[in-house]
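# Geometric and topological summary
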Amino acid sequence: MLHIPYIREHKNEIVQLLQIKNFDAATILDELLIKDDSRKNTQKDLDNLLSKVNQFSKQIGELYKSGEVQKANDLKEECAAIKQESKVLQGKYASLEKDIQDILVQIPNVPHPSVPKGSCDKDNKLLKESGKKPKLMANAKPHWQLTTDYNLIDFELGNKITGAGFPVYKGKGARLQRALISYFLDKNTNAGYTEYLPPHLVNEASAFGTGQLPDKEGQMYHVTEDNLYLIPTAEVPVTNFFRDVIVKDFPIKCTAYTPCFRREAGSYGKDVRGLNRLHQFDKVEIVQIQHPEKSYETLDNMVNHVASILDELELPYRILKLCGGDLSFTSALTFDFEVYSAGQDKWLEVSSVSNFESYQANRLKLRYKDKNGKTKFCHTLNGSALALPRIFAALIENNQTEKGIEIPKVLQKYTGFEIIE
RNA sequence: GGAGAGAUGGCAGAGUGGUCGAAUGCACUGGUCUUGAAAACCAGCGUACAGCAAUGUACCGGGGGUUCGAAUCCCUCUCUCUCCGCCA
């Protein structure tokens, strides 16, 4: 969430930039600042009252010690009156704070000035297209056919034991999945990221810290009995490692493999066919905590890192800069990676690399001390490196041959086989 | 699931109604000493909000209560630990 002192100083700029996200902030920011002014005044009045009570209390103690009971009792009565008054102010203060909080969580992060205006994914800006689309044989198939033909994934079995969107990997399919996880983690740790294996359930405070709550509650599976949420991405547990932390050394680089759980009940049809959209999927995530001055440099590094993985996997991909309409609530700038999946002739999103600037850090109270010893908010960044199912789909679709599915070189030492026949 | 104990500053750990935002130790920062370092000594060292500042206010797991006054008493919630049971 945005920091009120920052809003005060940059109100017009924020209103302008939020137009890129198609969010009209003018009214809501005015309302916010009026409430905050009122909050300040209330605090001043309240502080004065409380200060008086504190003074009187000290005096009463001394009067009792010196035996001046009558004087002490007089003061007590005065205190009672002040307390009445302070109760009222306290109520007012609490309700103002709540109003302010409620407004703050409704305001999305301010987009980076370079974010293109737009309403949907059609308006995203293509930055780079890399690799060659493969020429497939005449009878090439989409992955949902291949996974059945080669006995790699059993969607029906998943339906039986859980439901739609929960595939069961088996045989070489399971092994390929495991190989991808290991390969991604190795790539990331070689780039200086520390590997973590976090819990797959988080508490409410964590879901709030990264911005899933309160507005995206419906997208998460909620274990109501223990009030825990199944993580929609490793970003949630990993970023929350640093909740209430004052960072000493930058950058902090973490990577984690986790399954990800998403309810997102919605569309049907070929967009969600096979591995394209699932309720449970595997993902390897990278997270960085960085000094504000370096966060955009870091974002570029992360983008290059993800690109290098796709290069090694020999998958054709393109990089898009998300437009305002497609940018997530918490992100200031996001680059999406899409791989070309030849069997279904589609571009599939496999990674989203974002700079959240201080938006999450404010909620998380994730800070550092600047040169003058003042505490400031860090910047947080994350990206997928990478999301598994669509990589899996693109790999088997693009590499299908008459002989079978060929495994890219970099993966062979992880799979232990070169071809799936 | 049963029984008990506990939650205090970066860490350890005192504090059971007033002078406590909180002893002490460690860590950290600055200084003295030293060729340099260590040791020793001196000083500083939590967060947030308000204020130009002086300073004020709040915070001792969360919430509520008693009291003129709460880290300290009461209620409640959460979490952690120990023992027993069960168990990968």
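This report concerns the structure included in the present document.

The rules we used
- Starting afresh in each chain, residues are numbered from 1 along the sequence in its written order.
- To read the labels, note that chains go from A and ligands from 1, taken in the order they are written.
- Per-residue local features of the predicted model are confined to residues with pLDDT of at least 70, and side-chain atom pairs are confined, for both listing and counting, to 80 or more; whole-chain, interface and lining totals are unaffected and use all residues.
- To obtain the side-chain values, all non-hydrogen atoms of the structure were used and water was disregarded.
- Secondary structure elements are defined from DSSP: runs of H or I of at least 4 residues count as helices, runs of E of at least 2 residues count as strands, and each element is numbered from the N terminus.
- For the exposure calls, accessible area comes from a 1.4 Å probe over protein chains only, and a residue counts as buried if that area is under 20% of its type's maximum, exposed if over 50%, partly exposed in between.
- In what follows, residue pairs with any heavy atoms lying within 4.5 Å of each other are defined as contacts.
- For the accessible areas, the method is Shrake-Rupley and the probe is 1.4 Å, while residue cover comes only from the protein chains on display.
- The cutoff for a nearby residue is simple: one of its non-hydrogen atoms must lie within 4 Å of the molecule or strand.
- In protein, a polar contact requires one atom able to donate a hydrogen and another able to accept it; more generally it is a pair of N or O atoms within 3.5 Å, and residues adjacent in sequence count only if both atoms are side-chain atoms.
- Think of it this way: DSSP has to see at least two bridges between two strands before they count as a pair.
- Every patch collects residues that have over 30% relative accessible area and no salt bridge, joining them within 9 Å if they carry like charges and within 5 Å if they are nonpolar side chains (Val, Leu, Ile, Met, Phe, Trp, Tyr).
- The term salt bridge refers to a side-chain nitrogen of Lys or Arg lying within 4 Å of a carboxyl oxygen of Asp or Glu.
- Counted as positive: Lys and Arg. Counted as negative: Asp and Glu, with His and the chain ends omitted from the count.
- Each charge is placed at NZ for Lys, CZ for Arg, CG for Asp and CD for Glu.
- Only protein atoms enter the calculation, which uses a 1 Å grid: trapped sets of points that fit a 1.4 Å probe without letting it out are cavities, open sets showing protein on both sides within 12 Å along at least five of seven lines are pockets, and any residue with an atom within 4 Å of a point is a lining residue.
- Grid points are joined across faces, edges and corners, and a volume is the space filled by probe spheres set on the points.
- The residue classification treats Ala, Val, Leu, Ile, Met, Phe, Trp, Tyr, Cys and Pro as nonpolar and Asp, Glu, Lys and Arg as charged. All others, Gly included, are polar.
- A pair of aromatic rings is counted whenever rings of Phe, Tyr or Trp (Trp by its six-membered ring) have centres within 6.5 Å, and the orientation is called stacked for planes under 30 degrees apart, edge-to-face for over 60 and tilted otherwise.
- Between N-to-C directions, angles cover 0 to 180 degrees, with each direction set by a line fitted to C-alpha atoms, over the stretch in contact for helices.
- Here the angle decides the label: under 35 degrees means roughly parallel, over 145 means roughly antiparallel, 65 to 115 means roughly perpendicular, and every other value means oblique.
- A crossing counts as left-handed when the near helix is turned anticlockwise from the far one by less than a right angle, and as right-handed when that turn is clockwise.

Our focus in this paragraph is the overall build of chain A. Helix and strand counts for chain A come out as 13 helices and 18 strands. Each principal axis of the C-alpha distribution contributes one length, and for chain A these read about 100 × 45 × 40 Å. Here chain A holds 421 residues, and 49% of them are scored as buried. Sequence separation of 24 or more characterises 74% of the internal contacts of chain A that already satisfy a separation of 6 or more. Entry remark: accessible area of chain A is about 20700 Å², with carbon and sulfur atoms responsible for 48%.

Near RNA strand B lie 17 residues; those nearest to it are Arg39, Gln43, Ser57, Lys369 and Thr375. Backbone atoms, meaning sugar and phosphate, form 73% of the atoms of RNA strand B found within 4 Å of the protein. Contact between RNA strand B and Asn54: a phosphate oxygen at 3.2 Å from a side-chain N or O atom of the residue. Listed by contribution, the elements that provide at least two residues to the surface near RNA strand B are α3 (26-65), α4 (69-104) and β14 (367-369).

Our focus in this paragraph is the sheet that holds strand β7 (residues 228-230). Pairing in this open sheet of 3 strands is antiparallel, and the strands run β5-β7-β6 from one edge to the other. Two strands in the sheet have a free side with no partner beyond their single neighbour: β5 (201-202) and β6 (222-223). Pairing geometry for β5 and β7, over 2 bridges, is antiparallel. Pairing of Leu201 across the sheet is with Leu230, part of β7.

What follows concerns a negative patch on the surface. A cluster of like negative charges, contributed by Asp121, Asp123, Asp326 and Glu349, occupies part of the molecular surface. Position of Glu349 among the secondary structure elements: in strand β13 (residues 346-355). In this structure Glu349 comes out as partly exposed when scored by relative accessible area, which is 34%.

The subject of this paragraph is the layout of surface pockets. The calculated volume of the largest pocket comes to roughly 1600 Å³. What lines the largest pocket is a set of 46 residues, and nearest its centre among them are Arg262, Asp336, Glu349, Ser352 and Arg390. Those elements that place two or more of their residues in the lining of the largest pocket are β10 (280-290), β11 (317-321), β12 (333-341), β13, β16 (379-387) and α12 (388-398). If one sorts the elements of the lining of the largest pocket by residue count, β13 sits on top with 8 residues. The class makeup of the residues in the lining of the largest pocket is 14 nonpolar, 15 polar and 17 charged.

Attention shifts here to the packing of aromatic side chains. This structure, assessed with the given rule, holds 9 aromatic pairs. Note on Tyr183 and Tyr414: the rings are 5.9 Å apart at their centroids and 65° apart in plane angle, and the pair reads as edge-to-face. Residue Tyr183 is located in helix α7 (residues 172-190), and its partner Tyr414 is located in helix α13 (residues 409-415); the two are separated by 231 residues in the primary sequence. The rings of Tyr183, Phe184 and Tyr414 are connected pair by pair, giving a single aromatic cluster.

Turning our attention to the pairing of β11. The element β11 is largely enclosed, with a buried count of 4 among its 5 residues. Sheet topology places strand β1 (residues 125-130) next to β11; 5 bridges connect them, and they run antiparallel. Each bridged residue has a counterpart across the sheet, and for Ser130 the counterpart in β11 is Tyr317. Here 5 bridges tie β11 to β12, and the two strands are oriented antiparallel to one another. Bridge assignment links Tyr317 to a residue of β12, and that residue is Val339.

Attention now moves to the packing of α7 against helix α10 (residues 295-312). Direction vectors running N to C along α7 and α10 enclose 135°, while the axes themselves pass 11 Å from each other. As judged from the angle between their axes, α7 and α10 are oblique. The crossing of α7 and α10 is right-handed. Where α7 approaches α10, its residues Tyr183, Phe184, Lys187 and Asn188 are matched on the opposing element by His305, Ser308, Ile309 and Glu312. A class-by-class count of the residues in the contact of α7 with α10 yields 3 nonpolar, 3 polar and 2 charged.

The next subject is the sheet that holds strand β9 (residues 252-261). With mixed pairing, 8 strands are arranged side by side in an open sheet as β1-β11-β12-β13-β16-β10-β9-β4. At either end of the open sheet lies a strand with only one pairing partner, and these are β1 and β4 (194-196). Between one strand axis and the next, the sheet turns through 25° on average, direction left out of account. Along the sheet, α7 contacts β4, β9, β10 and β16; its crossing angle with β10, the most-contacted strand, is approximately 5°. Contacts from α10 reach β1, β10, β11, β12, β13 and β16 within the one sheet, and its direction differs from that of β16 by about 5°.

In short, geometric facts, not functional conclusions.
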